[in-house]
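Residues per chain, in single letters:
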Amino acid sequence: RAFLDRIAQIDGQLNSFITVSEHTALEQAAAADKILSEGKGSSLTGIPIAHKDLFCTQDILTTSGSKMLHNFVPPYESTVTQRLAEAGTVMLGKTNMDEFAMGSSNENSFFGAVKNPWNLDKVPGGSSGGSAAAVAAGLVVAATGTDTGGSIRQPASFCGITGLKPTYGRVSRFGMIAYASSLDQAGPMAKSAEDCAHIMQSIAGFDEKDSTSSENKTDNYLNSLNTPLTGLKIGLPKEYFGEGLDADVAKVIMDAVAEFEKLGATVKEISLPNLQLSIPSYYVIAPSEASSNLSRFDGVRFGHRCDDAKDLLDMYTRTRAEGFGAEVQKRIMVGTYALSEGYYDAYYLKAQRIRRLIKQDFVAALDEVDVIMGPVAPTTAFGLGSKTNDPVAMYLEDIYTLSANLAGIPAMSVPAGFADNMPVGLHIMGNYFAEAKLLNVAHQFQ
Ligand code: GLN
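Within each chain, residue numbers correspond to sequence positions counted from 1 in written order. In keeping with the predicted nature of the model, local features appear solely for residues at pLDDT of at least 70, side-chain atom pairs appear and are counted solely at 80 or more, and the whole-chain, interface and lining totals rest on all residues.

The protein chain goes by Glutamyl-tRNA(Gln) amidotransferase subunit A in an unreviewed UniProt entry, where it is assigned to Marinomonas transparens. UniProt positions are given in the numbering used here, feature names are shortened, and annotations may be inferred rather than shown by experiment. Recorded in UniProt for the protein chain, the comment headed Function (unreviewed entry) runs: "Allows the formation of correctly charged Gln-tRNA(Gln) through the transamidation of misacylated Glu-tRNA(Gln) in organisms which lack glutaminyl-tRNA synthetase. The reaction takes place in the presence of glutamine and ATP through an activated gamma-phospho-Glu-tRNA(Gln)." According to UniProt, the comment filed for the protein chain under the heading Catalytic activity (unreviewed entry) is "L-glutamyl-tRNA(Gln) + L-glutamine + ATP + H2O = L-glutaminyl-tRNA(Gln) + L-glutamate + ADP + phosphate + H(+)".

Written as structure tokens, this is what we have:
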């Protein structure tokens, strides 16, 4: 009730929720009270959380931030939301996001921009901007997000919270509205690494409903949280500290690294030579996969349908022209072009080859060091509207985050300090399935 009241008081300014599911929340809370009064339940029983609005929730509106799905009520539940409900969490609602998770500022939402709780003139980051703002403002204890190219980590950095993008395949994608299927991964967003570990404990693990779900055994993410960092080898990629990085952000990151040295870690410079290529390769692969995934929104099966269609083609065309926003339309066109006959080898295939090189860079680096650290984003949260007319500047925001998705490795954003009165996130990347290690490294720092 206290959290619902706080949402009612504050969210008018932030716009972090698309749907507040008060009725379901109070029912789940009553059920949690009963379980707890019987001395049962898990560490998540009764904990108020929210879900990014691309996780299908049965009988609860799920929009993916789009007009196309403004009226879509899923008949089934995503694995992530199902597992968290089974663990006893109380879902307060569904959070705002860039349309179909395409964006870095949450300004591409059909439901309006989200404001950064630290400064209402700034963006919260994107695409999981609603989840990040809601956690930062204390409207929920934790939230789910998804990260295709940085969408958990960058908003976590901009809003001063902790976010983890797990290894590709660690968390089921079943029931997540797809953006780019070979990159999409769900993860926790919360105040601390410890809170993220509690969520991981519930959502990680094999799911037969997702063909890319990993059968690797999950770790216990809580048990390893107090492991000393003595001897931890940290790699600092020189490419992460080059041109474009704000000097005040760089200072916060280097101060954080010095703290890790005090905790017993050693630091060495490494190189990820293909970093610069992550933007062109991601911005071919992600739109290509999106153009294919979003073909299902045709006005026939679900979602928006235009009025008074003359014939089938007219219905498809106008439904999609009306239902998708400008950024989504642009990416569908880019992706369709890149996949078309005669261009496939020149664009998509080439981007996939670069992706392999980026992955090899990480594999080689993580042979030498335990974790890689650097900034999450080149700047702190920028002003609302300041990059909306400059797509290249917006895409450059993603320079440090995209490569972890292209390689499939886990990566976190951890609050490290402030530059110009805005939060700065420290980026911690690790080897495949090293989520427990990343969470411990972050926890020692917090
Ligand atoms: N900003 C990137 C994009 O616009 C990443 C988004 C994401 O991770 N969903 O595609």
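## Notes on the site of the ligand
A molecule or strand has a residue near it when that residue's C-beta atom, placed from backbone coordinates, lies within 6 Å of it. In the vicinity of the ligand lie 13 residues, with Ala101, Ser104, Thr148, Gly149 and Ser151 positioned nearest. Looking at the shell around the ligand, its residues break down into 4 nonpolar, 7 polar and 2 charged. Only Asp, Glu, Lys and Arg are considered charged, only Ala, Val, Leu, Ile, Met, Phe, Trp, Tyr, Cys and Pro nonpolar, and every remaining residue, Gly among them, polar.

## Some thoughts on the pairing of strand S11 (residues 422-430)
Field definition: a residue is buried when 20 or more other C-beta atoms are found within 10 Å of its C-beta, exposed when 12 or fewer are, and partly exposed for counts in between, with C-beta atoms placed from the backbone. Numbering of helices and strands runs from the N terminus; a helix is a DSSP stretch of H or I covering at least four residues, while a strand is a stretch of E covering at least two. Taken across its 9 residues, S11 has 9 buried, putting it largely inside the fold. The criterion for strand pairing is that DSSP finds at least two bridges linking the strands in question. Pairing geometry for strand S9 (residues 371-375) and S11, over 5 bridges, is antiparallel. Its bridge partner being in S11, glycine 374 is matched across the sheet by histidine 427. Of the strand pairs in this sheet, strand S10 (residues 411-419) and S11 are connected by 8 bridges, and their pairing is antiparallel. Opposite alanine 419, over in S11, you have methionine 422 as the bridge partner. Connecting the antiparallel pair S10 and S11 is a turn made up of 2 residues, with aspartate 420 showing a positive phi of about 55°.

## Focus: the sheet that holds strand S6 (residues 186-190)
Read from one edge of the open sheet, 11 strands run S1-S3-S2-S4-S6-S5-S10-S11-S9-S7-S8, paired in mixed fashion. Looking at strand neighbours, the two that pair on one side only are strand S1 (17-20) and strand S8 (266-270), the edges of this open sheet. Ignoring which end each strand starts from, the neighbouring axes of this sheet average 30° apart. Two elements, strand S7 (residues 233-237) and S8, share 5 bridges in a ladder whose sense is parallel. The partner of leucine 236 across the bridge, within S8, is glutamate 269. Once C-beta atoms have been placed from the backbone, residue pairs whose C-beta atoms lie within 7 Å are recorded as contacts. Only C-alpha atoms enter the line fits that serve as axes; for helices the fit covers just the stretch in contact. Angles between N-to-C directions range over 0 to 180 degrees. Across the sheet, helix H6 (residues 193-203) touches strand S4 (142-146), strand S5 (162-165), S6 and S10, and the angle it forms with S6 is around 150°.

## Considerations on the environment of asparagine 293
Here asparagine 293 is to be found in helix H8 (residues 278-293). C-alpha separation for the pair asparagine 293 and arginine 83, spaced 210 residues apart in sequence, amounts to 25 Å. Sequence-distant contacts of asparagine 293, defined by excluding residues within four places in its chain, comprise Ala178, Tyr179 and Ser181.

## Focus on helix H3 (residues 79-86)
H3 sits mainly inside the fold: 7 of its 8 residues count as buried. All buried positions along H3 are accounted for by Thr79, Val80, Thr81, Gln82, Arg83, Leu84 and Ala85. The inward-facing, buried residues of H3 contact strand S2 (48-52), strand S3 (90-95), S4, S6 and H6.

## Side note on the nonpolar core
Throughout this description, the term nonpolar core refers to a group of buried Ala, Val, Leu, Ile, Met, Phe, Trp, Tyr and Cys residues whose C-beta atoms join them within 7 Å. Ranked by size, the top nonpolar core spans 120 residues in total, and within it Val135, Val140, Val371 and Ile428 carry the most contacts. Aside from chain neighbours lying at most four places away, what touches valine 371 is Leu232, Ile234, Ile428, Met429, Gly430, Leu438 and Val441. Among the nonpolar cores identified, the runner-up in size contains 5 residues, and Tyr240, Val376, Ile399 and Tyr400 belong to it.

## Quick look at unusual backbone geometry
At the junction of glycine 126 and serine 127, the peptide bond is cis and its omega measures out at 10° in the coordinates. In this fold, serine 127 is placed in the loop between S3 and helix H4 (129-136). Phi is positive for asparagine 421, which is not a glycine, with a value near 65°. Mapped onto the fold, asparagine 421 is located in the loop between S10 and S11. On the basis of neighbour counts, which here come to 8 C-beta atoms within 10 Å, the residue asparagine 421 falls in the exposed class.

## Points about the packing of H6 against helix H14 (residues 435-445)
With their axes 8 Å apart at the nearest point, H6 and H14 run at an angle of 155° to one another. Between H6 and H14, the angle falls in the class roughly antiparallel. Relative to H14, H6 is oriented so that their crossing is left-handed. Facing H6, whose interface residues are Ala193, Glu194, Cys196, Ala197 and Met200, H14 presents Glu435, Leu439, Ala442 and His443. Of the residues that constitute the contact of H6 with H14, the class distribution is 6 nonpolar, 1 polar and 2 charged. Orientation is classified from the angle alone, with under 35 degrees giving roughly parallel, over 145 giving roughly antiparallel, 65 to 115 giving roughly perpendicular, and any other angle giving oblique. If you view the pair so one helix is near and one far, a crossing is left-handed when the near helix is turned anticlockwise from the far one by less than a right angle, and right-handed when it is turned clockwise.

## What to know about the UniProt feature "active site" (unreviewed entry) in the protein chain
The feature "active site" (unreviewed entry), as given by UniProt, occupies Lys52, Ser127 and Ser151 in the numbering adopted here. Over a stretch of 100 residues, the named residues converge on one spot in the fold, their C-alpha atoms separated by at most 10.9 Å. Tracing the chain through its elements places lysine 52 in strand S2. We classify lysine 52 as buried; it has 32 C-beta atoms within 10 Å. Within the secondary structure, serine 151 sits in the loop between S4 and helix H5 (153-159).

## As for the environment of aspartate 361
Structurally, aspartate 361 can be placed in helix H11 (residues 345-368). Looking at aspartate 361, the number of C-beta atoms within 10 Å reads 22, which means it is buried. C-alpha separation for the pair aspartate 361 and alanine 407, spaced 46 residues apart in sequence, amounts to 9.0 Å.

## Some words on the pairing of S6
Summarising burial for S6: 5 of the 5 residues are buried, a large majority. With 5 bridges connecting them, S4 and S6 associate as antiparallel partners. Bridging across to S6, alanine 142 finds its partner in alanine 190. Of the strand pairs in this sheet, S5 and S6 are connected by 2 bridges, and their pairing is antiparallel. Considered in S6, the bridge of glycine 163 is made with methionine 189.

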